[in-house]
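Results of the structural survey
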Amino acid sequence: MSLRARSLAPLGGLLLLLLVLPGLASAATFHWHKAIRLEPIRNGGLDAVSCANAKFCVAGDQSGDITWTVRPTAGNGSWIRPFHVDSAGPITGISCPTPSFCAAVDQAGSIVYSLHPTKGPRFWSRPVRIDSALSVGGGPAGLTAISCPSARLCVAVDGAANANVLVSTDPTGGKAAWSTVALEGPATSVSCSTVTLCVIGGSQRYVSTDPTSTTAWKAGGALGNGVYQSVDCVGLRLCIGVGFSNTSPGLASATATPTGTWSAPVSVVADPPGIGSGLLDAVGCTRGTCVALDGFDNAYVSSQALKGIWSAATAIRPKSASQFNAISCTSGLCVVVDSAGVETTGILS
């Protein structure tokens, strides 16, 4: 089971959270293309995806393989056959700030990278273990996510009980090029919209306007009594986090001032949830509109996330049988991959 899947277990001992019911859906909508299977489910499913732009996306799976496309809206046949790049462990996060640089992290605490991501496995580095933290059970804590706003800055987080932030201004420079900062609790996700803004989600959120500084990560509070499962920031004026608590399967909080106040959590998933809805585990934003995903193939859309207004659930992958998702949004497009090896593209309209 992947780090992402394990982290979806509800938090224990949480107090009752008073929630605001979602309002009417905003006018912005997504047109979802027909879902396509990128690989057999026996490969373990897709854990990560990153789109450098609307014409270049890369996804990574539990077998250490990647697949890519330059036509994410073209349907069947538009993604190349997966090829193996990581022999150390399942890929848990990937970030491609440009088509000429991608970095992926894995469950063994290693990073692999490429300056020519589409040219095949020979053009990807060997795994370099940059994190030695251990899990409670004694094995590698593993890296859970990575975000690279440029090829000169990457920020990753691990799965330790008290997570570590790993930062490098030379991601291809080997283990010595990475510095480590300890946090006060677990981390599940990271989003760096620029080199001067990174947000980490987990048992609480952390914000930094200088990610390379060991003292610049500031705790900003929890998602009510829940956990931030996924965060996404667009520029310096919109950040959003989604997750869940023991009293709600789907919570969201957003801000226009990432270093300041975030909105009170709102319930995105109907409370109590309907049949066929699950925990929120991924979020991505483009052009001011955000898409949140739950573990049962549903998407929720908002162009007014700062006001806590979200659409009802829309099924985007019938019969996928997925358990968790990853999403990457850019230029009016969102690409979703899941643990069943299925991909779905949505276009903002």
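Computed from a prediction, not measured in an experiment: that's the story for all the values here. (Residues numbered from 1 in each chain as written. Predicted model: local features only at pLDDT ≥ 70, side-chain atom pairs only at ≥ 80, totals over all residues. Heavy atoms only, no water.)

Helix and strand content of the chain: one helix and 29 strands. Its C-alpha atoms give the chain principal-axis dimensions of roughly 50 × 45 × 35 Å. Look at the contacts in the chain between residues 6 or more apart in sequence, and 49% of them connect residues 24 or more apart. Of the roughly 13,600 Å² of accessible surface on the chain, 56% is carried by carbon and sulfur atoms. When the 21 basic and 18 acidic side-chain charges of the chain are each reduced to a single mean position, those positions are 7 Å apart. (Helix = DSSP H or I, 4+ residues; strand = E, 2+ residues; numbered from the N terminus. Contact = heavy atoms within 4.5 Å. Areas by Shrake-Rupley, 256 points an atom, 1.4 Å probe, with all protein chains shown as cover. Lys, Arg positive; Asp, Glu negative; His and termini not counted. Charge placed at Lys NZ, Arg CZ, Asp CG, Glu CD.)

With that settled, consider the packing of aromatic side chains. Any two aromatic rings considered together are summarised by their centre-to-centre distance and by the angle between their planes. This model, assessed by the stated rule, comprises two aromatic pairs. Ring geometry for Phe 30 against Trp 32: centres 5.6 Å apart, planes inclined by 25 degrees, an arrangement best described as stacked. With centroids separated by 6.1 Å and ring planes inclined at 75 degrees, the aromatic side chains of Tyr 228 and Trp 262 adopt a geometry described as edge-to-face. Of this pair, Tyr 228 sits in strand 19 (residues 227–234) while Trp 262 sits in the loop between strand 21 (248–255) and strand 22 (266–267), placing them 34 residues apart in sequence. Trp 262 shares its class with Tyr 228; the two are buried. Lying over the aromatic face of Phe 123, Lys 119 brings its terminal NZ or CZ to 5.6 Å of the ring centre. (Phe/Tyr/Trp six-rings, centres within 6.5 Å; stacked < 30°, edge-to-face > 60°. Buried < 20%, exposed > 50% of the residue type's maximum accessible area, 1.4 Å probe, protein only. Lys NZ or Arg CZ within 6 Å of the ring centre and 35° of its normal.)

With that out of the way, let us pick up the sheet that holds strand 21. One open sheet holds the four strands; their spatial order is 19-20-21-22, and the pairing between them is antiparallel. The sheet is open, and its two edges are formed by strand 19 and strand 22, each paired on a single side. The sheet contact formed by strand 19 and strand 20 (residues 238–245) spans seven bridges and is antiparallel. Bridged to Tyr 228 within strand 20 is Gly 243. (Pairing = 2+ DSSP bridges.)

We now examine the sheet that holds strand 14 (residues 179–182). As summarised here, the arrangement of the four strands in space is 11-12-13-14, forming an open sheet in which the pairing is antiparallel. Pairing within the sheet leaves two strands with one partner each, and these edge strands are strand 11 (143–150) and strand 14. The average undirected angle you get between the axes of adjacent strands in this sheet is 20 degrees. By the bridge criterion, four bridges tie strand 12 (residues 153–158) to strand 13 (residues 164–168) in an arrangement that is antiparallel. Note that in strand 13 the partner of Val 155 across the bridge is Val 167. (Axes fitted to C-alpha atoms, helices over the stretch in contact; angles between N-to-C directions.)

Taken as a whole and judged by the stated rule, the model has seven disulfides. Covalently, Cys 96 is tied to Cys 102 through a disulfide, its sulfur atoms 2.0 Å apart. Between Cys 96 and Cys 102, the S-S dihedral sits near 115 degrees, and the bridge is therefore right-handed. In this structure, Cys 96 and Cys 102 share a single accessibility class: buried. At a sulfur-sulfur separation of 2.0 Å, the disulfide partner of Cys 148 is Cys 154. Because the sign of the S-S torsion sets the handedness, a value of about 110 degrees for the bond joining Cys 148 and Cys 154 places this disulfide among the right-handed ones. Assessed through its relative accessible area of 0%, Cys 154 is described here as buried. (Disulfide = S-S within 2.5 Å.)

Glancing now at unusual backbone geometry. In the Ramachandran plot, Asp 297 falls in the positive-phi region, its phi being about 70 degrees despite a non-glycine side chain. Residue Ser 331 is not a glycine yet carries a positive backbone phi of 50 degrees. On the secondary structure map, Ser 331 appears in the loop between strand 27 (325–330) and strand 28 (333–338). With a relative accessible area of 42%, Ser 331 lands in the partly exposed category.

Let us look at the pairing of strand 13. Among the five residues in strand 13, five count as buried, and that is most of the element. Alternating positions in strand 13 separate into two faces, Asn 164, Leu 166 and Ser 168 on one and Val 165 and Val 167 on the other, with burial throughout. Linking two consecutive strands that pair antiparallel, namely strand 12 and strand 13, is a turn of five residues. Alignment of strand 13 against strand 14, held across four bridges, turns out to be antiparallel. By the bridge assignment, Val 165 is partnered in strand 14 with Val 181.

The next subject is the confidence of the model for the chain. A residue-level look at the chain finds 91% of positions with pLDDT of 70 or above and a mean pLDDT of 90. Here residues 1–26 is modelled with pLDDT under 50, and outside its nearest four sequence neighbours on either side it reaches 76 contacts, counting other chains as well. (pLDDT = per-residue confidence, 0-100.)

What follows concerns the environment of Asn 225. Among the secondary structure elements, Asn 225 is positioned in the loop between strand 18 (218–221) and strand 19. For Asn 225, a relative accessible area of 28% corresponds to the partly exposed category. For the pair Asn 225 and Trp 68, spaced 157 residues apart in the sequence, the C-alpha separation amounts to 38 Å.

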